[in-house]
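Each chain is listed here by its residues.
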Amino acid sequence: MRPARAFIDLDALRHNYRLARELGGHKVLAVVKADAYGHGAVRCARALEPEADGFGVACIEEALELREAGIRAPILLLEGFFAADELGLIDRHDLWCVVQATWQIDAIERARLTRPLTVWLKLDTGMHRLGLAPEEYRACLHRLQALPQVAEVVAMTHFARADELDSARTAEQLATFQRVIAGQGVGGGELTASVPNSPPLLGWPAPRAQFARPGLMLYGATPFANPHPAADRLRPVMTLESEIIAVRELAAGEPVGYGARFVTERPTRVGVVAIGYADGYPQFAPNGTPVWIDGQPGQVIGRVSMDMLTVDLEGHPGAGMGSRVELWGNNVRASDLTERGATSAYRLLCGLKRVPRTYLGE
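This report concerns the structure included in the present document.

## Let's talk about the packing of helix α1 (residues 10-24) against helix α3 (residues 41-48)
Part 1 of the reasoning: The interhelical angle for the contact between α1 and α3, taken along N-to-C directions, is 60 degrees, at an axis separation of 10 Å. As the angle between them shows, α1 and α3 are arranged oblique. Here the hand of the crossing between α1 and α3 comes out right-handed. The residues of α3 that touch α1, namely those facing L10, L13, R14 and Y17, are R43, C44, A47 and L48.
Part 2 of the reasoning: Within the contact of α1 with α3, the residues separate by chemical class into six nonpolar, no polar and two charged.

## Structural notes on the pattern of salt bridges
Here the idea is simple: oppositely charged side chains can pair when their charged atoms come close.
Part 1 of the reasoning: Under the definition given, this model contains 22 salt bridges.
Part 2 of the reasoning: For R269, the salt bridge is made with E249, and the minimal N-O distance between the two is 3.4 Å. Pair noted here: R269 is in strand β14 (residues 268-273) and E249 is in strand β11 (residues 238-250), with a separation of 20 residues, a long-range link.
Part 3 of the reasoning: Shared partners join several salt bridges into a network, and the residues in it are R2, D279, D307 and R354.

## Quick word on the layout of surface pockets
Part 1 of the reasoning: Here the largest pocket defines a volume of roughly 590 Å³.
Part 2 of the reasoning: Every residue lining the largest pocket is counted, 26 residues in all, and those nearest its centre are K33, Y37, R129, H158 and N197.
Part 3 of the reasoning: Secondary structure elements with two or more residues in the lining of the largest pocket: α2 (33-38), α9 (198-203) and α11 (345-350).
Part 4 of the reasoning: Of the residues in the lining of the largest pocket, the class split is 15 nonpolar, four polar and seven charged.
Part 5 of the reasoning: Its boundaries defined by the atoms lining it, the second largest pocket holds a volume of some 330 Å³.
Part 6 of the reasoning: Along the walls of the second largest pocket sit 17 residues, with D163, P223, F224, A225 and N226 positioned nearest its centre.
Part 7 of the reasoning: Those elements that provide at least two residues to the lining of the second largest pocket are α10 (334-339) and α11.
Part 8 of the reasoning: Among the elements that take part in the lining of the second largest pocket, α10 stands out by supplying three residues, more than any other.
Part 9 of the reasoning: In terms of residue class, the lining of the second largest pocket is made up of eight nonpolar, six polar and three charged.

## Observations concerning empty space enclosed by the protein
Part 1 of the reasoning: Considering all chains together, one arrives at one cavity of 30 Å³ or more under this definition.
Part 2 of the reasoning: Roughly 70 Å³ of volume is contained in the largest cavity.
Part 3 of the reasoning: Lining the largest cavity, in full, are Y219, G220, A221, P236, V237, M238, W328, G329, R333, A334 and L349.
Part 4 of the reasoning: Its residues assigned to classes, the lining of the largest cavity comprises eight nonpolar, two polar and one charged.

## Topic: the nonpolar core
Part 1 of the reasoning: Counting 115 residues, the largest nonpolar core has F55, L66, I108, Y281 and W328 as its most contacted members.
Part 2 of the reasoning: With seven residues, the top contributor of residues to this core is α1.
Part 3 of the reasoning: Non-local contacts of L66, meaning those with residues more than four positions away in its chain, are made with V32, A41, V42, A45, F55, V57, I71 and I75.
Part 4 of the reasoning: In terms of nonpolar packing, the next biggest core, distinct from the first, is built from five residues, V256, F262, V270 and I301 among them.

## Thoughts on helix α8 (residues 169-181)
Part 1 of the reasoning: With 13 residues, α8 extends 19 Å between its outermost C-alpha atoms, agreeing within 8% with the 18 Å of an ideal straight helix rising 1.5 Å per residue.
Part 2 of the reasoning: Burial in α8 covers these residues: T170, Q173, L174, T176, F177, V180 and I181. Angular distribution of buried residues about the axis of α8 spans 160 degrees; they occupy a single face of the element.
Part 3 of the reasoning: Packing partners of the buried residues in α8 comprise α7 (134-145), β8 (150-156) and β9 (192-194).
Part 4 of the reasoning: One or two steps after α8, the chain reaches G183, where phi turns positive at roughly 70 degrees.

The rules we used
Residues numbered from 1 in each chain as written. Predicted model: local features only at pLDDT ≥ 70, side-chain atom pairs only at ≥ 80, totals over all residues. Heavy atoms only, no water. Axes fitted to C-alpha atoms, helices over the stretch in contact; angles between N-to-C directions. Helix = DSSP H or I, 4+ residues; strand = E, 2+ residues; numbered from the N terminus. Parallel < 35°, antiparallel > 145°, perpendicular 65-115°, else oblique. Left-handed = near helix turned anticlockwise from the far one by under 90°. Contact = heavy atoms within 4.5 Å. Nonpolar A, V, L, I, M, F, W, Y, C, P; charged D, E, K, R; others polar. Salt bridge = Lys/Arg side-chain N within 4 Å of Asp/Glu carboxyl O. 1 Å grid on protein atoms, 1.4 Å probe; cavity = no way out; pocket = protein on both sides within 12 Å on 5 of 7 lines; lining within 4 Å. Points joined across faces, edges and corners; volume = space filled by probe spheres on them. Core = buried A, V, L, I, M, F, W, Y, C linked by side-chain atoms within 4.5 Å. Buried < 20%, exposed > 50% of the residue type's maximum accessible area, 1.4 Å probe, protein only. Expected span 1.5 Å × (residues − 1). Arc of directions from axis to C-beta.

Written out as structure tokens, the structure is:
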């Protein structure tokens, strides 16, 4: 069997969820979209369900996968529904849904449901992706509050630059959100609100609300370019490993891999590792990208191939066929690859393919 494998530490996942709750102070919706950022949505949801306040997914297909696996906790459709006929499935499977456009309100108004919906009404405060404009938000909110098809409305928004801790944009967006929703609850009270995803939870003291929506941080990766005290408390959930399957002894001046991007400057032992960009490892990881070889630091040399990559075995005299290579995990953080411009932590974790997962801590 090909030796590439991913180990998923569910105790680390629980630790990160509890950190999100500590930082958020209220309820925490665990975002498990995109197959839990490549970690396996069903297994991660099962691990968190005893303490999670609910789960967030991108679409109804992801929600149904969780329901079919026996997950009974609330599930929020973060992109809402794409067609009015999905409301039947939302009703049948007791899902929460985001509403971000007036046509969706029209569809809810016409729907014949067996139970009232919990709706999360999205305000566009400056992300300019999904959501209602500030000038139309209150009218849409009042319209939903008046519908018998709606049980509760949660106000939400999404920040565009919260991973930039020196940007004023987050404070501006938060001020817009607070201004628009102030006093808009039933009877003039406060609305239930959801503001922070991972970057605001970790890096900003102000944007607290009844619901937090952590995603990336649950899986142990930092959204920030620099070290941060809260992000430093995260524990990596995924460890990606493979093994050396061949060793080459090369003289000085020999090229390694496609395009001769790396040329040896001395006699060099090169290890060939069974993992590549078809598995999700960054194709353009530069020379010197860190790996961990038999428990010691090492580095990638040469261009990453579809199914293999090469590492420098200088300083690893005992390494050879079968030596264990950690691509990321407890020793090599996802941020280590991000800092070298190889990829983003989001794409790194979500892009894992072909690699079997082994779950620890079930």
